[in-house]
Amino acid sequence: MFDIAVIGGGIIGGSILRELTKYSLSVCLLEKENDVCMGQSKANSGIVHAGFDAKPYTLKAKFNILGNKMMKKYARELGVKYYNNGSLVVAYNEEEQLALKDLYNRGISNGVKKLKIINEKKLKKLEPNISDTAKSALLAKTGGIICPYELTIACIGNAMDNGAKLFTNFEVVSAKKNNDHFDIISKDNQNVQAKIVINACGLGSEKVANCFGDTSIEIGGRKGEYILLDNKCNGYFKKTIFKTPTAKGKGILISPTVDNNIILGPTAEETDTDDTSTTIDGLNLIKLNVNMMAKNVPLNNCITSFSGIRAYSKTHDFIIKESESVKGLINVCGIESPGLTSSPAIAKYVVSEIVSKLLVLEKNKSFNPKRKPDYFFKRLSIKQKNKIIKDNPSYGKIVCRCEQITEGEILRALRENPKACDVDGIKRRTRAGMGRCQGGFCSPSVVDLISKELNIPLEEITKKGKDSKILIGKEK
Amino acid sequence: MIKYDLVIIGGGPAGLASAISAYDSGTKNILIIEREDKLGGILKQCIHNGFGLTRFKESLTGPEYAYRFIKEVEKRKIDYKLNTTVLSLTKSKTITAINGDGIVKIKAKAIIISTGARERSRGALNIAGSRPAGIFSAGTAQKFANIKGYLVGKKVVILGSGDIGLIMARRLTLEGASVLAVAEIMPYSSGLKRNIAQCLNDFNIPLYLNHTISKIEGKDRVTAVEISQVDSNKNVIKDTAIKIPCDTVLFSVGLIPENELLDKTGIEMSPKTKGAIVFQNRETSVDGIFACGNCLQIHDLVDFVSEESELAGISATDYINNKHKEKDVIEVAQNENLAYVLPQKINKNIKGDIKFYFRVKNEFRNCLIEASSNGVVYFSKKKPVCTPGEMESITLPFDKIANLVDKIKISLYAK
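Cut-offs and rules
Residues numbered from 1 in each chain as written. Chains lettered and ligands numbered in written order. Predicted model: local features only at pLDDT ≥ 70, side-chain atom pairs only at ≥ 80, totals over all residues. Heavy atoms only, no water. Helix = DSSP H or I, 4+ residues; strand = E, 2+ residues; numbered from the N terminus. Rg over C-alpha atoms; globule rule 2.2 N^0.38 Å. Contact = heavy atoms within 4.5 Å. Areas by Shrake-Rupley, 256 points an atom, 1.4 Å probe, with all protein chains shown as cover. Lys, Arg positive; Asp, Glu negative; His and termini not counted. Charge placed at Lys NZ, Arg CZ, Asp CG, Glu CD. Axes fitted to C-alpha atoms, helices over the stretch in contact; angles between N-to-C directions. Parallel < 35°, antiparallel > 145°, perpendicular 65-115°, else oblique. Left-handed = near helix turned anticlockwise from the far one by under 90°. Nonpolar A, V, L, I, M, F, W, Y, C, P; charged D, E, K, R; others polar. Pairing = 2+ DSSP bridges. Buried area = accessible area lost by both parts, 1.4 Å probe. Salt bridge = Lys/Arg side-chain N within 4 Å of Asp/Glu carboxyl O. Polar contact = N/O pair within 3.5 Å; in protein donor to acceptor, adjacent residues only side chain to side chain. Disulfide = S-S within 2.5 Å. 1 Å grid on protein atoms, 1.4 Å probe; cavity = no way out; pocket = protein on both sides within 12 Å on 5 of 7 lines; lining within 4 Å. Points joined across faces, edges and corners; volume = space filled by probe spheres on them. Buried < 20%, exposed > 50% of the residue type's maximum accessible area, 1.4 Å probe, protein only.

Chemist: Sorry, what's going on with the overall build of chain A here?
Modeler: Looking only at helices and strands, one finds 12 helices and 23 strands in chain A. Relative to its length of 476 residues, chain A is compact, with a C-alpha radius of gyration of 22 Å against a globular reference of 23 Å. Structurally, chain A occupies a C-alpha span of about 60 × 60 × 45 Å along its principal axes. When contacts within chain A are restricted to residue pairs at least 6 apart in sequence, long-range pairs at least 24 apart make up 72% of them. For chain A, the exposed surface amounts to about 19400 Å²; the carbon and sulfur share of it is 50%. Where the 73 positive side-chain charges of chain A centre and where its 52 negative ones centre are 8 Å apart.

Chemist: So what exactly am I meant to see when it comes to the packing of helix 1 (residues 11–20) of chain A against helix 8 (residues 339–358) of chain A here?
Modeler: For any two helices packed against each other, one specifies the crossing angle of their axes together with the interaxial distance. Residues and elements named next belong to chain A. Between helix 1 and helix 8, whose axes approach to 8 Å, the crossing angle comes to 45 degrees. Here helix 1 lies oblique to helix 8, going by the angle between them. As for the relative orientation of helix 1 and helix 8, their crossing is right-handed in sense. Judged by residue contacts, Ile 11, Ile 12, Ser 15, Ile 16, Glu 19 and Leu 20 of helix 1 engage Gly 339, Leu 340, Ser 343, Ile 346, Ala 347, Lys 348, Val 350, Val 351 and Val 355 from helix 8. Among the residues making up the contact of helix 1 with helix 8, the classes are represented as 10 nonpolar, three polar and two charged.

Chemist: Any chance you could explain the sheet that holds strand 15 (residues 211–217) of chain B here in plain terms?
Modeler: Backbone-to-backbone hydrogen bonds join strands into a sheet, with any given pair of strands oriented parallel or antiparallel. All names here are of chain B. Across the sheet, three strands lie side by side as 15-16-17; this open sheet has antiparallel pairing. Unpaired on one side and paired on the other, strand 15 and strand 17 (242–245) mark the two borders of the sheet. Neighbour-to-neighbour, the strand axes of this sheet turn through a mean angle of 30 degrees, independent of strand direction. The pairing of strand 16 (residues 224–229) with strand 17 spans four bridges and is classified as antiparallel. Among the inter-strand pairings, Glu 226 is bridged to a residue of strand 17, identified as Lys 243.

Chemist: Which parts of the structure should I look at to understand the interface of chain B and chain A?
Modeler: A common way to express how large an interface is: the accessible area buried when the components associate. Each side of the interface is counted separately: chain B has 52 residues, and chain A has 53 residues. Of the roughly 4400 Å² buried between chain B and chain A, counting both surfaces, carbon and sulfur atoms make up 54%. Considering only the surface of chain B that becomes buried against chain A, Asn126(B), Arg131(B) and Tyr150(B) emerge as the three largest contributors, covering 17% of it. If you look at where chain B meets chain A, you find eight salt bridges. Residues Arg171(B) and Glu475(A) are paired through a salt bridge, measuring 3.1 Å at the closest nitrogen-oxygen approach. Across the contact surface, chain B and chain A share 24 residue pairs in polar contact (both at pLDDT 80 or more). The dominant element in the side of chain B that touches chain A, judged by the number of residues it contributes, is helix 4 (residues 138–148) of chain B, at five residues. Counted by class, the side of chain B that touches chain A contains 17 nonpolar, 17 polar and 18 charged residues.

Chemist: Help me out: how do you make sense of the state of the cysteines in this one?
Modeler: A disulfide bridge is the covalent bond that connects two cysteines by way of their sulfur atoms. Evaluated as defined, the whole model comprises zero disulfides over all chains. Free of any disulfide, Cys28(A) has its nearest neighbouring cysteine sulfur in Cys201(A), separated by 12 Å.

Chemist: Explanation requested: the layout of surface pockets in the structure shown.
Modeler: Using a probe with the size of a water molecule, rolled over the atoms, empty space left in the structure can be pinpointed. Residue and element names in this part refer to chain A. Each pocket or cavity is described by its volume, and for the second largest pocket that value is around 560 Å³. When residues of the lining of the second largest pocket are traced back to their parent elements, those giving at least two are helix 2 (59–78), strand 4 (82–83), helix 5 (148–161), helix 10 (407–415) and helix 11 (423–430). When grouped by side-chain class, the residues that make up the lining of the second largest pocket number 14 nonpolar, three polar and 14 charged.

Chemist: I'm lost on the side chain of Asn64(A) in this one. Help?
Modeler: All names here are of chain A. On the secondary structure map, Asn 64 appears in helix 2. Of the residues examined, Asn 64 reaches a relative accessible area of 2% and is grouped as buried. With residues near it in sequence (within four places) discarded, Asn 64 still touches His 49, Ala 50, Gly 51, Leu 59, Pro 338, Thr 341 and Ser 342.

Chemist: Is there a simple way to explain unusual backbone geometry in this structure?
Modeler: In terms of backbone geometry, most residues other than glycine have negative phi values and most peptide bonds are trans. All names here are of chain A. Here the residue pair Gly 265 and Pro 266 is connected by a cis peptide bond, since its omega of 0 degrees sits within 30 degrees of zero. With respect to the helices and strands, Pro 266 occurs in the loop between strand 16 (262–265) and strand 17 (269–271). Of the consecutive residues Lys 372 and Pro 373, the connecting peptide bond is found in the cis state with omega at -10 degrees. By the secondary structure assignment, Pro 373 is in the loop between helix 8 and helix 9 (382–391).

Chemist: Help me understand the sheet that holds strand 3 (residues 47–48) of chain A, please; the structure alone is not making it clear to me.
Modeler: Residues and elements named next belong to chain A. The sheet built from three strands is open, its strands ordered 3-8-4 with antiparallel pairing. A single partner strand is all that each edge strand has here, and the edge strands are strand 3 and strand 4. Inspection of the sheet shows strand 4 paired to strand 8 (residues 144–146) by two bridges, in the antiparallel sense. Bridging from a neighbouring strand, Tyr 82 pairs with Ile 146 of strand 8.

Chemist: Just checking my understanding: could you explain empty space enclosed by the protein for this structure?
Modeler: Residues and elements named next belong to chain A. Per the counting criterion, the structure on display carries three cavities of 30 Å³ or more. One number sums up the size of the largest cavity: a volume of about 80 Å³. For the largest cavity, the lining is made up of 13 residues, of which His 49, Ala 50, Gly 51, Phe 52 and Asp 53 are closest to its centre. Within the lining of the largest cavity, the residues separate by chemical class into seven nonpolar, four polar and two charged.

Given below as structure tokens:
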């Protein structure tokens, strides 16, 4: 029996899981997919928000500010790329200029530091590719960028290194309270027992809460489509560019990513399914918007488009509390933007303020906050690279030519926590296949490496588990 | 730092031919750098025949064609490094490469870039829909089939009528798969005529011109695609979608020269070819760096890759021997019917007839191809049909160029 089962392997579940391993507890993570980080944590803007956007006195505002302050150290411990590139909310007309003032005041009241409104001249000097129609902007120096799946995988990997257990393909379908614990049953009838359950299931958190008998959670879905540009466009914008927000949300942004791509999006479309298809209309809407926001948008360097579904609570604020109807069930739901930014602070709060009231917490003296290795091979010096290659020549063999990812990194992703077991898992852990050819050249080699390392036949290798086999069998 | 007279980046058909010709013209100290575990480049996976008809007057498979060159490289004992990837290249001709021994720096007197091309992906086209397994570029499917021996799907729809897609349509059909449709956004095929006949018509595979894929469906594996008609701006016309249940989608939508290595060299690039701007000897705007093969222009037949690369090899030897370092330049222009002309510049100090390669933007009939300068026509020829899928050429005798001072313009007129 586990002390605590966290359900949902996204950034919220992952960061809570890691926080729990700082204490002497037996913990596990239940994930319904073949790999962790398969929902909205793998398909969002990857922004570390400054915190001026959320309504004052909401949980969103509170955790955004706290999370923003924690992120730098958090990322460093986990060996995750993070840049404090700053963000700009741009006003393109007088009405938006007025709204910018409100946003500034809101930011100050939320406690955002280093916030100021800059004029047209300064804005165009900072970002020469901004549209000629731009009038002024709110500059938030504390804004940043991070890779959401890199962070999620690192949190879960570090938690596992510190003793957490992971169950994948564990889709919770029912749960039973038995005196001091829950019996949690999966679709294929596996049973995990835990004293406390944390529901961090994103889009699925209403359904999972229902399984436990809590019907108070109401979750909606909003689909956001994105276009990603090649890292050739590195430098096109240095800061994250937002439009002035409207009632509908923050709207479409233009931002560099930590891997030197440019991300454009998201759209915002209400949805009641988990279908993450992109649409012609959605992609056209992004193009239309970014061409109004900026000039010379290098859309011809598009390398892919994708979409994610943001789960939001119908209360329009985060839900972070123990269930009123089911003791021992902690709901951490409706964590839409700024959820990624808030995640380290939410994790800390959940453990120190909620879990601590249900269980006695004792420090785990052997907890190691560092995830090793904490470097990105491509960015090491020649000397450092040579040292690694000398110990392990597979680091000298480039498999993904577009992103310059080596065989050594792919093998590491198959061996270290949480172990990759499909092609997309390799992609999210190493970036092999993330580049301009989108896996055209490297996918046959990646499939080979997975097959050899896991000792399974080529035709059994999947893109993302279940029925997503890459090949259908041997030739005649 | 390792030193070589000539370093050739890429051991595919272009690199191999340039190495042999550089050697035979007098450069003995050569290194070929190849990122894969064998020489031969993309030919390794092209097991169909039809290679070498122009050059050897016989029909070879890709591996057979490559082997003829590999044998010659081996015979000359030209150095090559396999499993070695060039990470960067400078204007001063220092190469940084990585392999299992570590990172090496190599200094060269001359460099030939023969890095080939990559396939345009689904992502680059922004095709809408879901992102399940079963979506491949045609070349990736070819590699799985011909190198690994695995079939990628049973019910296949192909977007784009490029040659690799057409070849794969036949290959998959012969392996028992059904190729249900080939959709082509243009009003004509971008492949060779012989491939349309032998790979589609012979197997009754329908070709939908002016069509694209408007949606891909399926959660884990592809379950269907929608193909729709496009208007003259290549935008999907709503309500024209036909849904085709299938498990696999192949993309054969063009090749993009791989020139990311040149980004930091300051070599002048052509937005038309996406390759370097070169003189007739295939020298780029940086002295002593040459380019040939598909990284320079997308060829239709490997025979012409070999021809072009031999020229680059000889030119590298000339450069190493301090020939043609003085340049007397005239520019090459083109008319609106051409997609590009190569070379883009002429150095009049290099003697010899000049073969201009070009591709047309549309299908043209009753064509007149002209080379002119300042309104005076110096050379012309007629051709009944020109199509974008086939590379065209016109050869201009050197004596016509020797005294030119203005731009030389290559034009195509059609009735």
